Protein chains: 2
Amino acid sequence: MIRLILEAFLPYRLHRLGSVISQKLKGVYGRKYGMTVPDWRVLSTLGQFVQLTAKAIGTHSAMHKTKVSRAVAALEKRRWLARSRNPDDRREELLTLTTAGLKAYNDIVSDMIGFESALTERLGVKNVAELETVLMQLEQALDISEQSSPSSQRTTSAE
Amino acid sequence: MIRLILEAFLPYRLHRLGSVISQKLKGVYGRKYGMTVPDWRVLSTLGQFVQLTAKAIGTHSAMHKTKVSRAVAALEKRRWLARSRNPDDRREELLTLTTAGLKAYNDIVSDMIGFESALTERLGVKNVAELETVLMQLEQALDISEQSSPSSQRTTSAE
DNA sequence: GGTTGATGGTTACATTTGTAACTGAAATAA
DNA sequence: TTATTTCAGTTACAAATGTAACCATCAACC
């Protein structure tokens, strides 16, 4: 007869931590721009990589293609994003942020960075360093050590 | 003009880590019992605390009350869970796992613990110890240092 | 007592998300 | 060349989730 103490269970703690933090971040762009999570994921991915296809955004951000499609449509409607057909392969659309999109992106990002530094400040340099190390270990153990390129595929679609 | 490298951004990494892990765990009870995430949350909370109201389960597991209500109904249909009115307050229902429910719970939990130990083994004792420390720090910094009792309230409803 | 407001839980309805079918375009093969 | 298959992206439909209204009960107040 086993009993699992959730508060002491590593996966539970990690998941809760991640949820609470992303919940707080959602508050930032949610309140400020009325953006949804998928919207923000597309915006941030595109902000980082400048130009991508919807497919690439999906694989990099682990979002279902329909979710991406809808978020892209939403951002386009705000005129934060522009599409253009790839002349070399007319199935694909190359997506980029417009000036307005970049402006919003930069604004949100500076808030995000503010949030992160507030957090790391609370932790202290030593803890942050340890955290970095252990995160890397975990990422390796779970085989998600990041390649920082949106072209490489992975087929899971995480929540 | 800022550029946020997502793979190096702490909140992003934490969230992704949590998602990937809980995705893998979902595989366990999903394949084995065809259970959904809300189902498992209710089952595990009830497994830990033996007897709770739906409300208490909701606050402890940060689930919306309708989600809890539906998961409870689903588990009841499997005869894994039994309800009984609280005679002292006939609005509440006291929920407990049946023998069958406990059996499934124990089975899944042993898999979960197996998963956790496989993970910590990969990390090594030193890293695990560091992880524990830093997680605690983070939980404190984010004000979710766990009280391990389902009675205390928090109003956020995380994803 | 009766009335009013809050609370635990369910249900109807709206929104979001995922699944599967589809469109247009490219690649492969005949 | 013209099938056939594969692929990027969208859309129709189904399943899951959240919002708001609801019912039953309790608590507070008259």
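Computed from a prediction, not measured in an experiment: that's the story for all the values here.

Engineer: Help me understand the interface of chain B and chain A in this model?
Structural biologist: Buried accessible area, meaning the area lost when the parts come together, often serves as the stated size of an interface. At the interface, 64 residues of chain B touch 64 residues of chain A. Across the chain B to chain A interface the summed buried area is about 6700 Å²; carbon plus sulfur atoms make up 66%. When residues of chain B are sorted by the area they lose upon contact with chain A, B:Arg13, B:Leu17 and B:Leu142 head the list and together hold 9% of the total. Here chain B is connected to chain A by six salt bridges.

Engineer: I'm lost on the protein's contact with DNA strand C in this one. Help?
Structural biologist: The environment of DNA strand C is made up of 18 residues, and the closest members are A:His64, A:Arg70, B:Lys55, B:Ser69 and B:Arg83. At a separation of 2.9 Å, a phosphate oxygen of DNA strand C approaches a polar backbone atom of A:Arg90. For DNA strand C, a phosphate oxygen lies 3.3 Å from a polar atom in the backbone of B:Ala54. Mapped onto the surface near DNA strand C, the elements with two or more residues apiece are helix H4 (65-77) and strand S2 (89-97) of chain A together with helix H3 (54-61), helix H4 (65-77) and strand S2 (89-97) of chain B. The element best represented in the surface near DNA strand C is H4(B), accounting for four residues. Each residue belonging to the surface near DNA strand C can be placed in one class, and the counts come to one nonpolar, five polar and twelve charged.

Engineer: I keep staring at the protein's contact with DNA strand D and nothing clicks. Help me out?
Structural biologist: Near DNA strand D, the surroundings consist of 19 residues, among which A:Lys55, A:Ser69, A:Arg83, B:Arg70 and B:Arg90 are the closest. The sugar-phosphate portion of DNA strand D accounts for 62% of its atoms within 4 Å of the protein, the bases making up the rest. Here a base oxygen of DNA strand D and a side-chain polar atom of B:Arg70 are 2.8 Å apart. At the level of secondary structure, the elements contributing two or more residues to the surface near DNA strand D comprise helix H3 (54-61), H4 and S2 of chain A together with H4 and S2 of chain B. Of the residues forming the surface near DNA strand D, the biggest block, four residues, is contributed by H4(A). Residue composition of the surface near DNA strand D, by class: two nonpolar, five polar and twelve charged.

Engineer: Could you clarify how one ought to interpret the nonpolar core in this entry?
Structural biologist: The tendency in soluble globular proteins is for nonpolar side chains to be buried side by side. In this structure, A:Trp40, A:Leu43, B:Trp40, B:Val42 and B:Leu43 are the most contacted members of the largest nonpolar core, which totals 88 residues. If sequence neighbours within four positions are ignored, A:Leu43 has contacts with A:Met35, A:Leu75, A:Trp80, A:Leu97, A:Gly101, A:Tyr105 and A:Ile108.

Engineer: Would you explain the relation of the copies chain B and chain A in this entry?
Structural biologist: For the pair of chain copies, the relating operation is a rotation around an axis with a shift along it. Once turned by 180° and shifted 0.0 Å along the axis, chain B lies on chain A with an RMSD of 0.0 Å. As the rotation angle and translation indicate, the two copies are arranged about a two-fold axis. It is B:Gly18 whose C-alpha, among those of chain B, lies nearest the rotation axis, at 2.9 Å.

Engineer: How do you make sense of helix H6 (residues 125-141) of chain B when you look at a structure like this?
Structural biologist: What sets the pattern is the α-helix's 3.6 residues per turn: residues three or four places apart point alike. Compared with the 24 Å implied by 1.5 Å per residue over 17 residues, the 24 Å span of H6(B) between its first and last C-alpha is a close match. What H6(B) keeps buried is the set B:Asn127, B:Val128, B:Glu130, B:Leu131, B:Val134, B:Leu135, B:Leu138, B:Glu139 and B:Ala141. The buried residues of H6(B) occupy an angular sector of 165° when projected down its axis, which confines them to one face. Away from its buried face by more than 90 degrees, H6(B) exposes B:Val125 and B:Lys126. Turning to H6(B), the residues buried within the fold contact helix H1 (10-33), helix H5 (99-123) and helix H6 (125-141) of chain A together with helix H1 (10-33) and helix H5 (99-123) of chain B.

Engineer: Can you walk me through the packing of aromatic side chains in this structure?
Structural biologist: How two aromatic rings sit relative to each other is set out by the distance from centre to centre and by the angle between their planes. Residue and element names in this part refer to chain A. Under the defined criterion, the tally for this structure stands at four aromatic pairs over all chains. With 5.5 Å between their ring centres and 80° between their planes, Tyr33 and Trp80 make a pair best called edge-to-face. With Tyr33 in helix H1 and Trp80 in the loop between H4 and strand S1 (81-86), this pair connects stretches of sequence that are 47 residues apart. We classify Tyr33 as partly exposed; its relative accessible area is 25%. Owing to a relative accessible area of 9%, Trp80 belongs among the buried residues under this scheme. The ring of Trp80 has Arg78 sitting right over it, with the charged end atom 4.7 Å from the ring centre.

Cut-offs applied
Starting afresh in each chain, residues are numbered from 1 along the sequence in its written order. Naming scheme: in the order in which they are written, chains are lettered from A and ligands are numbered from 1. In view of the model being predicted, local features appear only for residues whose pLDDT reaches at least 70, and side-chain atom pairs are presented and counted only at 80 or more, with totals across whole chains, interfaces and linings using the full set of residues. Values reported for side chains reflect all heavy atoms of the structure, with hydrogen atoms and water molecules removed beforehand. Contact definition: two residues touch when any of their heavy atoms are within 4.5 Å. Throughout, the accessible surface (probe 1.4 Å) given up by two parts as they are put together, summed over both, is called the buried area. Take a side-chain nitrogen of Lys or Arg and a carboxyl oxygen of Asp or Glu: if they are within 4 Å of each other, that pair is a salt bridge. Consider each residue's heavy atoms; a residue with any of them within 4 Å of a molecule or strand counts as near. Any N or O atom pair separated by 3.5 Å or less is treated as a polar contact, with the protein-specific requirement of one donor-capable and one acceptor-capable atom, and with residues adjacent in sequence counted only for side-chain atom pairs. Secondary structure elements are defined from DSSP: runs of H or I of at least 4 residues count as helices, runs of E of at least 2 residues count as strands, and each element is numbered from the N terminus. Polar here means any residue outside two lists: the nonpolar Ala, Val, Leu, Ile, Met, Phe, Trp, Tyr, Cys and Pro, and the charged Asp, Glu, Lys and Arg; Gly therefore counts as polar. In this description, a nonpolar core means a group of buried Ala, Val, Leu, Ile, Met, Phe, Trp, Tyr and Cys residues linked to one another through side-chain atoms lying within 4.5 Å. To sort residues, take the accessible area from a 1.4 Å probe on protein chains only and compare it with the maximum for the residue type: under 20% means buried, over 50% means exposed, and anything in between is partly exposed. To line up the copies, we fit them by least squares on C-alpha atoms, keeping just the residues with pLDDT of at least 70 in both. The span expected for a helix works out to 1.5 Å for each residue beyond the first. The arc refers to the directions leading from the helix axis to the C-beta atoms. Between 30 and 60 degrees the pair is tilted, below 30 it is stacked and above 60 it is edge-to-face, where a pair is any two Phe, Tyr or Trp rings, Trp via its six-membered ring, whose centres lie within 6.5 Å. In this scheme, the term charge over a ring applies when either NZ of a lysine or CZ of an arginine sits within 6 Å of the ring centre and within 35 degrees of the ring normal.

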